[in-house]
Amino acid sequence: MDLTGRTALITGASSGIGAAFADALAARGAHLILVARREDRLTALADTLRARHGNDAHVLVADLGLPGAGAALLAETRRLGLDVDVLVNNAGFGSHGDVADTDPDRLTGQIQLNITALTDLTRAYLPDMVGRGRGAIVNVASAAAYQPVPHMAVYSATKAYVLSFTEALWAETRNTGVRVLALSPGATETEFFDIAGESARVGRQQTAAAVVARAMRALDRPSGPGSVVSGLPNIVTAATVGFLPRRLSLLVTERLARGRN
Ligand SMILES: NC(=O)c1ccc[n+]([C@@H]2O[C@H](COP(=O)([O-])OP(=O)(O)OC[C@H]3O[C@@H](n4cnc5c(N)ncnc54)[C@H](OP(=O)(O)O)[C@@H]3O)[C@@H](O)[C@H]2O)c1
């Protein structure tokens, strides 16, 4: 995909996988719109990438956990006269713990950010991409999208939504020139576990750069699949888990996801 001079909006760009997307897209010649809540982080990243690659980098501070955040972001990019060619819906968080013990706001917060904001932003920017006959939307799902994960029940359900929604959208837009992709990382070295809880950390971790490189390779194939999983062990698990009896897979996943606490 030729990204030279195109504009990419990345949510959750202040850290981890989102920051790695910003770096990779800037290296390919894209201008950036960096979105998250922590302005200092976004500004520092924008300065670094501007200096390194010479691209434009706008910083838009937004709490995408608030209702109406998607519409507000669309209005702001329109006000600035920015057309979004690439949308990376990356902002998201999880929490480890049982549903009965978790603050209800933390549960609905995951639904608001991981599902509602992602859907709103997709709906906001897709029509213009279809009208231009080009563009890309990357929605960051998770290896946890491929089976229910006890102790991260809401998080894994939100990611199952992201995967299902994005694959359906891929089929809807296949002949429009817009490339739609769900990216499912496994455990990745980011700040995710600072928020989800250390007990959520399972298995070997990839770097954020490796995860993003997987997505960039998929984006470079115009007729590529609607979803990719990053990391061989995660690919194998995602491909095989559906063959296990559902009860067995739930019980095995419950053991693995129980954590050390
Ligand atoms: N790391 C993993 O093991 C892993 C595995 C599978 C999938 N994922 C997914 O990868 C994506 C990126 O996560 P990460 O691993 O890079 O974690 P991270 O380092 O914690 O980054 C999360 C990003 O989301 C932003 N964010 C959180 N709440 C927000 C809000 N209310 N409004 C706007 N932005 C918000 C954060 O920025 P601010 O705090 O500045 O707002 C931050 O930039 C998430 O969707 C996550 O579910 C991660």
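Attention in this report is confined to the structure presented alongside it.

Cut-offs used in this document
Residues numbered from 1 in each chain as written. Predicted model: local features only at pLDDT ≥ 70, side-chain atom pairs only at ≥ 80, totals over all residues. Near = placed C-beta within 6 Å. Helix = DSSP H or I, 4+ residues; strand = E, 2+ residues; numbered from the N terminus. Nonpolar A, V, L, I, M, F, W, Y, C, P; charged D, E, K, R; others polar. Pairing = 2+ DSSP bridges. Axes fitted to C-alpha atoms, helices over the stretch in contact; angles between N-to-C directions. Contact = placed C-beta atoms within 7 Å. Core = buried A, V, L, I, M, F, W, Y, C linked by C-beta atoms within 7 Å. Buried ≥ 20, exposed ≤ 12 C-beta atoms within 10 Å, placed from the backbone. Parallel < 35°, antiparallel > 145°, perpendicular 65-115°, else oblique. Left-handed = near helix turned anticlockwise from the far one by under 90°.

## What to know about the site of the ligand
Then, number 1: Contacts to the ligand come from 31 residues, most closely from Gly12, Gly16, Arg37, Arg38 and Gly92.
Then, number 2: Broken down by secondary-structure element, the contributors of at least two residues to the shell around the ligand are helix H1 (16-27) and helix H6 (192-196).
Then, number 3: Counted by class, the shell around the ligand contains 13 nonpolar, 13 polar and 5 charged residues.

## Quick notes on the sheet that holds strand S1 (residues 7-11)
Note: strands within a sheet are paired through backbone hydrogen bonds, in either parallel or antiparallel orientation.
Then, number 1: Read across the sheet, 7 strands follow the order S3-S2-S1-S4-S5-S6-S7 without closing on themselves; strand pairing throughout is parallel. Whereas interior strands pair on both sides, the edge strands pair on one side only; in this sheet they are strand S3 (57-61) and strand S7 (227-229). Averaged over all adjacent pairs, the angle separating strand axes in this sheet is 15°, with direction ignored.
Then, number 2: In terms of strand pairing, strand S5 (residues 135-140) meets strand S6 (residues 178-184) through 6 bridges, oriented parallel. Bridge pairing links Asn139 to Ala182 in S6.
Then, number 3: Relative to S6, helix H5 (residues 153-173) is tilted by about 160°, and along the sheet it contacts S5, S6 and S7.

## Describing the nonpolar core
Then, number 1: Ranked by internal contacts, the top residues of the largest apolar core, which has 73 residues, are Ile10, Ala22, Leu25, Leu32 and Leu34.
Then, number 2: Excluding residues that lie within four positions of it along the chain, Leu32 makes contacts with Ala8, Ile10, Ala22, Leu25, Ala26, Leu49, Asn55, Asp56, Ala57 and His58.

## Thoughts on the packing of helix H4 (residues 104-132) against H5
For any two helices packed against each other, the geometry is given by the interaxial angle and the distance between the axes.
Then, number 1: At a minimum axis distance of 9 Å, the contact between H4 and H5 shows a crossing angle of 15°. When the axes of H4 and H5 are compared, the pair comes out roughly parallel. Regarding H4 and H5, the two cross each other, and that crossing is right-handed. Contacts between H4 and H5 involve Leu107, Gln110, Ile111, Asn114, Ile115, Leu118, Thr119, Thr122 and Val130 from the former and Val154, Tyr155, Thr158, Lys159, Tyr161, Val162, Phe165, Leu169 and Thr173 from the latter.
Then, number 2: Looking at the contact of H4 with H5 residue by residue, the class counts come to 11 nonpolar, 6 polar and 1 charged.

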